[in-house]
Amino acid sequence: MNVIWLCSWYPNQVDKFRGDFIQRQAIAVSALLRVDVVHVVFVEENERTESKIVNENLTEHLYYRRNQNKLLNLRTLLSVHQIFLNQYRTDFGSPSLIHVHIPLLSGMVAIFWKWKYQFPFVLTEHYGIYNHRVDDHFEKRNFLFRFFTKQIIKSSSAFLPVSESLGTEVNQMVVAKPFTAIANVVDTSYFCRVPIFKNPIFQFIHISDMSENKNVFGILNAVALLNQIRKDFRVLFVGKKNEMILKHAEHLNVKDQCDFIGEISYFEVAEYVKKSHVGILFSKSESQSCVVLEWLCSGLPVISSRVGGVVELIQKSNGILVDSNDENELYCAMNELMNNYSKYDLNQISEDAINKYSYQAVARQIMSVYQSIAENRKEL
């Protein structure tokens, strides 16, 4: 079985972190079958094509093409994919199926190929825009975005949101579509339980792009409250450095309790996680959250806002959920976890998460969907 992945997001030279969770899924699935990833990046100059053999079953094909207007970009997108497909069919024959990640724009190629070649396609959605908690939610998008997203979801042979919550939101806001939730993956060779690594000072860790949705200001406000009653902790912030966030920490007089690391490699992130005690996420919206999965696989209890797919991940045994934007509740949860940390079975937290979110576990789930579609095609 050979599968082509059409990815609307994927790590590239312009943005090395965009869709890195999709890349990890591709690596996971490539342990079981051949995967060719296709991604088009629109740039201002220096058009080029890059093919990278990641392993014996995974090849990434990245096309950097000049950014024009939306109509010309769409024509370029279809043309590039068609050239790729022609060569692919010469080398390997027709693909068994197509796997789309994020409906637009790659899903439009999948719809065209389904019409022209009868290739079925699977759709994985990661994008957390199907709720009113985010400012740029689906219903605020233009007509064409909404129309084509709906058509792509409807036309998919299997719909695989990364969480039950996301699947339900799509059904409520876009179109009724049966779905199977399949989580993102964690590289458990990096994110795993290593007890000896813990920092001697109790350390919370937050990892994000530091966007407004991640509500880092709210975390800092909770840190300021905790700082009023105790000083025996630190909070590590990993992600893009933001001057406004740094100034807010200085204004609250909590810079001595906080470390702002900036953007670092996946391996370096894992090392900081292993040294930490608790993960903190205080987002306004989440489709699932890769960092929560990574924290759990590393044996960290998690404090998170009660939003989206995170609710499906956190129970009393592995963390605390708080109301989004309730900074006082977040502060209380931080204090409670520090006081009762010994009650958490860190080895069990790690083991349970690895059994669900490792490369092997998620790849088996995706492969099961592929095989089901292949069997249905034989019966037709």
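Residues numbered from 1 in each chain as written. Predicted model: local features only at pLDDT ≥ 70, side-chain atom pairs only at ≥ 80, totals over all residues. Heavy atoms only, no water.

### Comments concerning the overall build of the protein chain
Looking only at helices and strands, one finds 12 helices and 13 strands in the protein chain. For 380 residues, the compact-globule estimate of 2.2 N^0.38 gives 21 Å, and the C-alpha radius of gyration of the protein chain, at 22 Å, lies within 12% of that figure. Counting only C-alpha atoms, the protein chain reaches 65 × 40 × 40 Å along its principal axes. Counting across all 380 residues of the protein chain, residues that qualify as buried make up 57%. The contacts in the protein chain between residues at least 6 apart in sequence include a share of 67% that link residues at least 24 apart. Carbon and sulfur atoms provide 50% of the accessible area of the protein chain, an area that totals close to 17,100 Å². (Helix = DSSP H or I, 4+ residues; strand = E, 2+ residues; numbered from the N terminus. Rg over C-alpha atoms; globule rule 2.2 N^0.38 Å. Buried < 20%, exposed > 50% of the residue type's maximum accessible area, 1.4 Å probe, protein only. Contact = heavy atoms within 4.5 Å. Areas by Shrake-Rupley, 256 points an atom, 1.4 Å probe, with all protein chains shown as cover.)

### So, empty space enclosed by the protein
Throughout the structure, instances matching the rule amount to 1 cavity of 30 Å³ or more. In terms of lining, the largest cavity is formed by Met-210, Phe-237, Gly-239, Lys-240, Lys-241, Asn-242, Ile-245, Leu-246, Phe-260, Ile-261 and Gly-262. For the lining of the largest cavity, the secondary structure elements donating two or more residues are helix H7 (243-251) and strand S10 (258-262). Of all the elements, S10 adds the most residues to the lining of the largest cavity, at 3 residues. Of the residues contributing to the lining of the largest cavity, the split by class is 6 nonpolar, 3 polar and 2 charged. (1 Å grid on protein atoms, 1.4 Å probe; cavity = no way out; pocket = protein on both sides within 12 Å on 5 of 7 lines; lining within 4 Å. Points joined across faces, edges and corners; volume = space filled by probe spheres on them. Nonpolar A, V, L, I, M, F, W, Y, C, P; charged D, E, K, R; others polar.)

### Here we look at the nonpolar core
Among the nonpolar cores identified, the biggest contains 61 residues, and Phe-204, Phe-237, Val-292, Trp-295, Ile-303 and Met-334 are the most heavily contacted of them. In contact with Phe-204, other than residues within four places in its own chain, are Leu-226, Phe-233, Arg-234, Val-235, Leu-236, Val-278, Ile-280, Ile-303, Met-334 and Met-338. (Core = buried A, V, L, I, M, F, W, Y, C linked by side-chain atoms within 4.5 Å.)

### Examining the layout of surface pockets
Counted as a void, the second largest pocket has a volume near 900 Å³. For the second largest pocket, the lining is made up of 33 residues, of which Lys-70, Leu-104, Leu-105, Met-108 and Phe-145 are closest to its centre. Elements with a minimum of two residues in the lining of the second largest pocket: strand S2 (34-43), helix H2 (70-92), helix H3 (106-117) and helix H4 (143-155). For the lining of the second largest pocket, the leading source of residues is H2, giving 6 residues. When the residues that make up the lining of the second largest pocket are grouped by side-chain class, the tally is 20 nonpolar, 8 polar and 5 charged.

### Remarks on the packing of H3 against H4
For the pair H3 and H4, interaxial distance at closest approach is 10 Å and the crossing angle is 50°. On the basis of the axis angle, H3 is oblique to H4. Crossing angle aside, the handedness with which H3 passes H4 is left-handed. Taken together, the residues of H4 that come into contact with H3 (itself represented by Gly-107, Met-108, Ile-111 and Lys-114) are Phe-148, Gln-151, Ile-152 and Ser-155. Considering only residue class, the contact of H3 with H4 consists of 4 nonpolar, 3 polar and 1 charged. (Axes fitted to C-alpha atoms, helices over the stretch in contact; angles between N-to-C directions. Parallel < 35°, antiparallel > 145°, perpendicular 65-115°, else oblique. Left-handed = near helix turned anticlockwise from the far one by under 90°.)

### Side note on the sheet that holds strand S8 (residues 202-207)
Taken together, 6 strands build an open sheet; the order of strands is S10-S9-S8-S11-S12-S13 and the sheet is parallel. Because the sheet does not close on itself, it has two edges, and the strands there are S10 and strand S13 (319-322). Each strand of the sheet is rotated relative to its neighbour by a mean of 20°, with strand direction disregarded. One ladder, built from 6 bridges, connects S8 with strand S9 (residues 233-238); its direction is parallel. Looking at the pairing, Gln-203 lines up with Arg-234 of S9. Along the sheet face, helix H6 (residues 216-227) touches S8, S9, S10 and strand S11 (278-281) and points at about 170° away from the line of S9. (Pairing = 2+ DSSP bridges.)

### Some points on the packing of aromatic side chains
What the rule picks out here adds up to 18 aromatic pairs. Ring geometry for Phe-84 versus Tyr-88: centroids 5.7 Å apart, planes at 40°, classification tilted. Here the residue Phe-84 and the residue Tyr-88 both occupy positions in helix H2, the gap between them amounting to 4 residues, near one helical turn. Centroid distance Phe-237 to Phe-260: 4.9 Å. Interplanar angle 10°. Geometry classified as stacked. With Phe-237 in strand S9 and Phe-260 in strand S10, the pair connects residues that are 23 residues apart, well separated along the chain. Phe-260 sits in the buried class, given a relative accessible area of 18%. Connected via pairs of aromatic rings, a cluster forms that spans Tyr-190, Phe-191, Tyr-266 and Phe-267. Its guanidinium or amino end placed over the ring of Tyr-64, Arg-48 lies 3.9 Å from that ring's centre, counting from NZ or CZ. The aromatic ring of Phe-145 is capped on one face by Arg-141, whose charged end is 4.9 Å from the ring centroid. (Phe/Tyr/Trp six-rings, centres within 6.5 Å; stacked < 30°, edge-to-face > 60°. Lys NZ or Arg CZ within 6 Å of the ring centre and 35° of its normal.)

### Topic: the pairing of S8
Across the 6 residues that make up S8, a large majority, 6, are buried. Side chains Phe-202, Phe-204 and His-206 project from S8 onto one buried face, and the interleaved Gln-203, Ile-205 and Ile-207 project onto a second face that is buried too. For the crossover from S8 across H6 to S9, the handedness is right-handed. Examined bridge by bridge, S8 and S11 share 2 bridges and lie parallel to one another. By the bridge assignment for S11, Phe-204 is matched with Val-278. (Right-handed = clockwise from strand over helix to strand, strands pointing away.)

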